[in-house]
Amino acid sequence: MKKLFKVALVAAGMLFAGNFAQAQSKIGHINFQQLIDFMPETKTVKSQLEIYQKQFIDVLTSMNNEYQTKGQAYQTKRTGMTDAARGAAETELQDFSKRLQDYQTSSQQQVEAKQRELGKPLIDKARGAVTAVAKEKGYGYVLDTTSEYLVVSPDADDLMPAVKLKLGLK
């Protein structure tokens, strides 16, 4: 009898704990990238980034045009060059090509760094609004549906309308 009572007590405890844990794990979801796109500050960030990026594109275009011109000049004069002159010209073209590639890589890294710098306040603002809405509505977890990595997930509530309201977006 005592054993039966203990088993019943443990079973009731597990049932109660299971219901309590389920009540604590309310799940919501939001498409975070779409939220960022809705924010008016996104246009400003994109235009600032395009202006920043344009300066690198202009330099790269100029460097590429110069490389093409030097390459065409080399092709035209190549047959009349001595071996030493041809070797020097080829080395110069290879060096220029390497500088062009290095500048392209460097400018790409700088643009990505600028994108992170300009986007951080926007992301922080959106994340703050999502956190506030989740807290207000009692959500323990909010999933980002931008990336579809979840193969199977439980039903959840879409927080987009509430977060847009929190941010004053339409």
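Quantities reported herein were computed from a predicted structural model and do not represent experimental measurements.

Peer 1: Mind showing me how you'd approach the overall build of the protein here?
Peer 2: Of the regular secondary structure elements, the protein holds 5 helices and 3 strands. Counting every position in the protein, which comprises 170 residues, the buried fraction comes to 22%. Partitioning the intrachain contacts of the protein with sequence separation of at least 6 by distance along the chain shows that 86% fall at a separation of at least 24. A total of about 12700 Å² of accessible surface is found on the protein, and carbon and sulfur atoms cover 57% of it.

Peer 1: Whenever I open this one, the packing of helix α3 (residues 41-77) against helix α4 (residues 83-137) confuses me. Can you help?
Peer 2: A pair of packed helices can be characterised by two numbers: the angle between their axes and the separation between those axes. Contact geometry of α3 with α4 gives a least axis separation of 10 Å together with a crossing angle of 175 degrees. Considered as vectors, α3 and α4 are oriented roughly antiparallel to each other. Of the residues assigned to the contact of α3 with α4, the class counts are 17 nonpolar, 11 polar and 9 charged.

Peer 1: Where do I start with the pairing of strand β1 (residues 27-30) in this structure?
Peer 2: Where a strand is regular, its side chains alternate between the two sheet faces. Covered by surrounding structure in β1 are Gly28 and Ile30 only, the residues Ile27 and His29 on the alternate face being uncovered. Sheet topology note: the β1/strand β3 (residues 157-158) ladder contains 2 bridges and is parallel. Across the sheet, the residue bridging to His29 is Asp158, located in β3.

Peer 1: What is the right way to look at the environment of Ala89 in this model?
Peer 2: Position of Ala89 among the secondary structure elements: in helix α4. Its relative accessible area of 13% is what places Ala89 among the buried residues. Linking Ala89 and Ala73, residues 16 residues apart in sequence, is a C-alpha distance of 9.9 Å. The residues contacting Ala89, other than those within four sequence positions of it, are Tyr74 and Met81.

Peer 1: Even after reading the chapter, I still don't get the packing of aromatic side chains, so can you show me in this structure?
Peer 2: Note on aromatic pairs: each is described by the distance of the centres and the angle between the planes. Under the counting rule described, the total for this entry stands at 3 aromatic pairs. Ring plane angle 75 degrees and centroid distance 5.2 Å describe the contact between Tyr52 and Phe56, whose orientation is recorded as edge-to-face. Highlighted residues: Tyr52 and Phe56, both in helix α3, separated by 4 residues, approximately one helical turn. You can call Tyr52 partly exposed: its relative accessible area is 21%. Where Phe56 meets Tyr103, the ring centres are 6.2 Å apart and the plane angle is 50 degrees; that geometry is what we call tilted. One end of the pair, Phe56, is in helix α3; the other, Tyr103, is in helix α4, and 47 residues separate them in sequence. Ring pairs connect the aromatic residues Tyr52, Phe56 and Tyr103, which therefore count as one cluster. In this structure, Lys26 is placed above the aromatic ring of Tyr139, and the distance from its NZ or CZ to the ring centre is 4.6 Å. In this structure, Lys164 is placed above the aromatic ring of Phe38, and the distance from its NZ or CZ to the ring centre is 4.0 Å.

Peer 1: Before we go on, may I ask you to explain the pattern of salt bridges in this structure?
Peer 2: Close approach of charged atoms lets side chains of opposite charge pair. Applying the stated rule across the entire model yields 9 salt bridges. The shortest N-O distance in the salt bridge between Lys70 and Glu66 comes to 3.5 Å. Pair noted here: Lys70 and Glu66 are both in helix α3, with a separation of 4 residues, about one helical turn. Glu66 gets classed as partly exposed once you look at its relative accessible area, which sits at 35%.

Peer 1: Could you clarify how one ought to interpret the nonpolar core in this entry?
Peer 2: Among soluble globular proteins, nonpolar side chains are generally buried collectively. Leu35, Met39, Val163 and Leu167 are the most contacted members of the largest nonpolar core, which has 23 residues in total. Listing elements by their share of this core, those giving two or more residues are α2 (32-38), α3, α4 and α5 (160-167). At 8 residues, α4 tops the list of elements feeding residues into this core. In this view, Val163 contacts Ile30, Leu35, Ala129, Val130 and Val133; residues no more than four positions away in its chain are not counted.

Thresholds, definitions, all that
Residues numbered from 1 in each chain as written. Predicted model: local features only at pLDDT ≥ 70, side-chain atom pairs only at ≥ 80, totals over all residues. Heavy atoms only, no water. Helix = DSSP H or I, 4+ residues; strand = E, 2+ residues; numbered from the N terminus. Buried < 20%, exposed > 50% of the residue type's maximum accessible area, 1.4 Å probe, protein only. Contact = heavy atoms within 4.5 Å. Areas by Shrake-Rupley, 256 points an atom, 1.4 Å probe, with all protein chains shown as cover. Axes fitted to C-alpha atoms, helices over the stretch in contact; angles between N-to-C directions. Parallel < 35°, antiparallel > 145°, perpendicular 65-115°, else oblique. Nonpolar A, V, L, I, M, F, W, Y, C, P; charged D, E, K, R; others polar. Pairing = 2+ DSSP bridges. Phe/Tyr/Trp six-rings, centres within 6.5 Å; stacked < 30°, edge-to-face > 60°. Lys NZ or Arg CZ within 6 Å of the ring centre and 35° of its normal. Salt bridge = Lys/Arg side-chain N within 4 Å of Asp/Glu carboxyl O. Core = buried A, V, L, I, M, F, W, Y, C linked by side-chain atoms within 4.5 Å.

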